[in-house]
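Tertiary structure, described
One letter stands for each residue in the lines below.
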Amino acid sequence: MDYDYVKLLREMLHKEDAEFREDQEIAIRSVVEGKRTLVVEKTGWGKSIVYFLSTKILRSQGKGITLIVSPLLSLMKDQIEHAREMGLEISTINSQNIEEHEDIYDKLRNGQGLDALLISPERLANKEFRDVLLSITDNVGLFVVDEAHCISDWGHDFRPDYRRIVEIINRLPSTVPVLATTATANDRVVEDIRAQLPGIEVIRGSLMRESLSIQTINIESIPERLAWIGRNIDKFDGPGIIYCSTVDNCRVVNDYLKKIGKCSEIYVGKMDADERQEVIRRFKENDHAPDKINVLVATIALGMGFDMPNLKYVIHFERPSNIIAYYQQIGRAGRDIPEAYAIMLYGEADSEVQEFFIKNAFPKDQLMEDIISLTINNQARGTKRSEYEARINAKSGAIKDALDFLEVEGDIYKEDTSYYKTTKAWSVDKERISQVTERKYIELDQLKDYSVTKGCYMKYLANALDDKKACDCGKCSNCRKKDVLDFETPSDADIRVAEAIFKNNVIDIEPRKKWPNVEEILTMVGASNSNIPKDKRTEIGICLSRYGSYGYGKEVRDGKYRDEHFSDNLVDASESILRDFVRDNNITWVTCVASLNHPTLVKSFAQRLADKLGLPFKEAIVKTQPTRQQKEFNNSVFQMKNAYESFGLNNEEFEDEVTREIIKGNVLLIDDMVDSKWTFTVCGYKLINGGSGKVYPFALADTSNTTD
């Protein structure tokens, strides 16, 4: 049956003058004809039109529902509203609508009342959902893989959970069409997708972004980059995104913007889904909304699928990981406006964070070996994730990633909440991991070359994505031979202001609220459950700096490892930010975390700071035995246990009647470094049990690695 596709488009969009963009109708015809189709088109091209209009046609033919797999849970609300405006009944299954799951399962089973279902790839790991899905394969009319480059090891954003998609597709009847879409697939990624989905046809359009004017600017220091943004951000005249490689830099940039009077907010992966959606709502609101956000400072958590037609600019605060990720991120801007801007600030040190990501892209061999060994030993009863964390000295996130990787690779399987070994012989595919890792370093070098190219930036990007239609854009700073806007160089005064804001950008130390949920730990603290009682927790504390970073962070590093003495400058800086904090929280005395290796380092600093604050210092905490340093342990079970066994109360201080009266007051608990926060949590817990008031932590530097 042939259709008037343009008529259907206009009816669906309720626009009498609607027209297809290049290749959209071709893609829809391919899907309706039952083919496997890979669509590689630039961001903003309109891939949702393809799968929603295809769904409309297939449902009118009596075909089953459309399953759409997308990594964009936080942005699914927009997709659902868009589909419903087109007359489709669409829903999603996630952890936030558990009460709706059974009703949705019923609709899936009978094929009625639902035209499309949006799910994340992680949902395919859920046994209940997978069982339902495998029981209704005859009721599937179309299978959509959004952001299909995630299937490939060679994609810039490979995700192990996407491997499950291929397994599901292979179980579908061969007559079910498959639509895979992406804006960021070069030839290598396309060939990998072809290998995993045999017979797939490729529709590939030009990736040139006509609306974007691109420029890269070499600025080395963070304060200078902040000052540049402060001096020039208003020139873009519209809403924009500033991408940062770490959560910490997001906070630095956001704090700076707020202090110079800009309406900004952060968007990072650690925020809960409701909070992220609320930030997006405020960002997309009209200009007259009282809580309007004009600048969104984000990590890569804000990426694929974010659609804001009038986004005026994207600034990269530092050089990102690779060309393809960069192209995808700048593609947020200029979707429905004739002129938008993409600016990259870069410096020599930018690659350090990206090299960390590359080194940790795959689980470590030893970690996987430890997991396999423990799983085999517990094969009869299975192994819960908490037991891996209790027995293996690795970060919780690293253990989770390794479990996901091994499960997707078919080395282990999960039943309920426990893991078991499959019959497959386990070995590490070192050659594949080595090849992918080497490619990532090449891509990082490619982005370095891009940042200093004298040729057209857009042509460079399109060529990197193997776009056969790449050409000079005529709009970037290299094509124009001048800045894309009339940018101003920040003055020395601008930079001093930025330096002051940056150096005084203190970091909150949030209290831990739970013990590790392991029997040994709960027995140790005499608890029946993992909740730390509210009156036994530390309060929100503050940290002076990020360890090793520009400003105080470098001074802390030098003081600890070069001078073995923290300077009076650090005492003065700490007193400056603590003066009001101490008064507002009625802190009446000071103590510090004890050390056997450096007995005077923190103690001397704490005593001098107490004198500055006019408070008594009491050596209330002692190191009870020599133990390994906390930084040698990688997850909460090991860190908490080490801290609990390391520290105790100084009984001599607590037995002195005068000191005992002092200790009843609220206390400032000082350490040089904070990372996992277990030292503060344990010492605070023991101080409170010993009769102290509220405990407020203070650290000179935060050494945690916060990258998402």
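Residues numbered from 1 in each chain as written. Predicted model: local features only at pLDDT ≥ 70, side-chain atom pairs only at ≥ 80, totals over all residues. Heavy atoms only, no water.

1. Digging into the pairing of strand β18 (residues 541-546)
For β18, the tally of buried residues reaches six of six residues, placing the bulk of the element in the interior. Sheet topology note: the strand β17 (residues 507-509)/β18 ladder contains three bridges and is antiparallel. For D508, the partnering residue across the bridge sits in β18 and is I542. Alignment of β18 against strand β23 (residues 695-702), held across four bridges, turns out to be parallel. Each bridged residue has a counterpart across the sheet, and for R546 the counterpart in β23 is D702. (Buried < 20%, exposed > 50% of the residue type's maximum accessible area, 1.4 Å probe, protein only. Helix = DSSP H or I, 4+ residues; strand = E, 2+ residues; numbered from the N terminus. Pairing = 2+ DSSP bridges.)

2. Re the sheet that holds β17
Spatial ordering of the open sheet is given by β17-β18-β23-β22-β19, a layout of five strands whose pairing is mixed. The open sheet terminates on both sides in strands that have one partner only, identified here as β17 and β19 (587-592). Each strand of the sheet is rotated relative to its neighbour by a mean of 25°, with strand direction disregarded. Here β19 pairs with strand β22 (residues 666-674) via five bridges, running parallel. By the bridge assignment, C592 is partnered in β22 with I670. The sheet strands contacting helix α23 (residues 568-584) are β18, β19, β22 and β23, and the helix crosses β18 at an angle near 150°. (Axes fitted to C-alpha atoms, helices over the stretch in contact; angles between N-to-C directions. Contact = heavy atoms within 4.5 Å.)

3. A look at the packing of aromatic side chains
Scanning the entire structure with this criterion turns up 18 aromatic pairs. Their ring planes at 65° and their centres at 6.0 Å tell us that Y388 and Y419 sit as a pair that is edge-to-face. Separated by 31 residues along the polypeptide, Y388 in helix α15 (residues 385-391) and Y419 in strand β16 (residues 418-421) bring together distant segments of the chain. Arranged with centres 5.3 Å apart and planes meeting at 65°, the rings of Y450 and Y457 form a pair that is edge-to-face. With respect to class, Y450 is no different from Y457; both count as buried. One aromatic cluster is present, formed by W228, F236, Y313, Y341 and F487 through successive ring pairs. Here the basic side chain of K686 rests over the ring of Y644, its NZ or CZ set 4.2 Å away from the ring centre. (Phe/Tyr/Trp six-rings, centres within 6.5 Å; stacked < 30°, edge-to-face > 60°. Lys NZ or Arg CZ within 6 Å of the ring centre and 35° of its normal.)

4. A closer look at the environment of L134
As for its placement among the helices and strands, L134 is situated in helix α6 (residues 127-135). A residue is classified by how much of its surface remains accessible, and L134, at 27% relative accessible area, is partly exposed. Those residues in contact with L134 that sit more than four places away from it in its chain are I168 and R171.

5. A word on unusual backbone geometry
Unlike most non-glycine residues, H14 shows phi in positive territory, near 60°. Inspection of the secondary structure puts H14 in the loop between α1 (5-13) and α2 (24-32). Phi angles above zero are rare outside glycine, and D23 is one such case at about 80°. With respect to the helices and strands, D23 occurs in the loop between α1 and α2.

6. Description of the sheet that holds strand β13 (residues 340-346)
Backbone-to-backbone hydrogen bonds join strands into a sheet, with any given pair of strands oriented parallel or antiparallel. Strands sit in the order β8-β13-β12-β9-β11-β10 across an open sheet of six strands; the sheet is parallel. Sheet topology places β8 (212-218) and β10 (264-267) at the edges, where each strand pairs with a single neighbour. On average, adjacent strands in this sheet sit at an angle of 15° to one another, irrespective of strand direction. Relative to β13, strand β12 (residues 313-316) runs parallel, the two being bridged by four bridges. Across the sheet, V314 pairs through a bridge with A342, a residue of β13. Along the sheet, helix α9 (residues 222-232) contacts β8, β9 (240-243), β12 and β13; its crossing angle with β13, the most-contacted strand, is approximately 160°.

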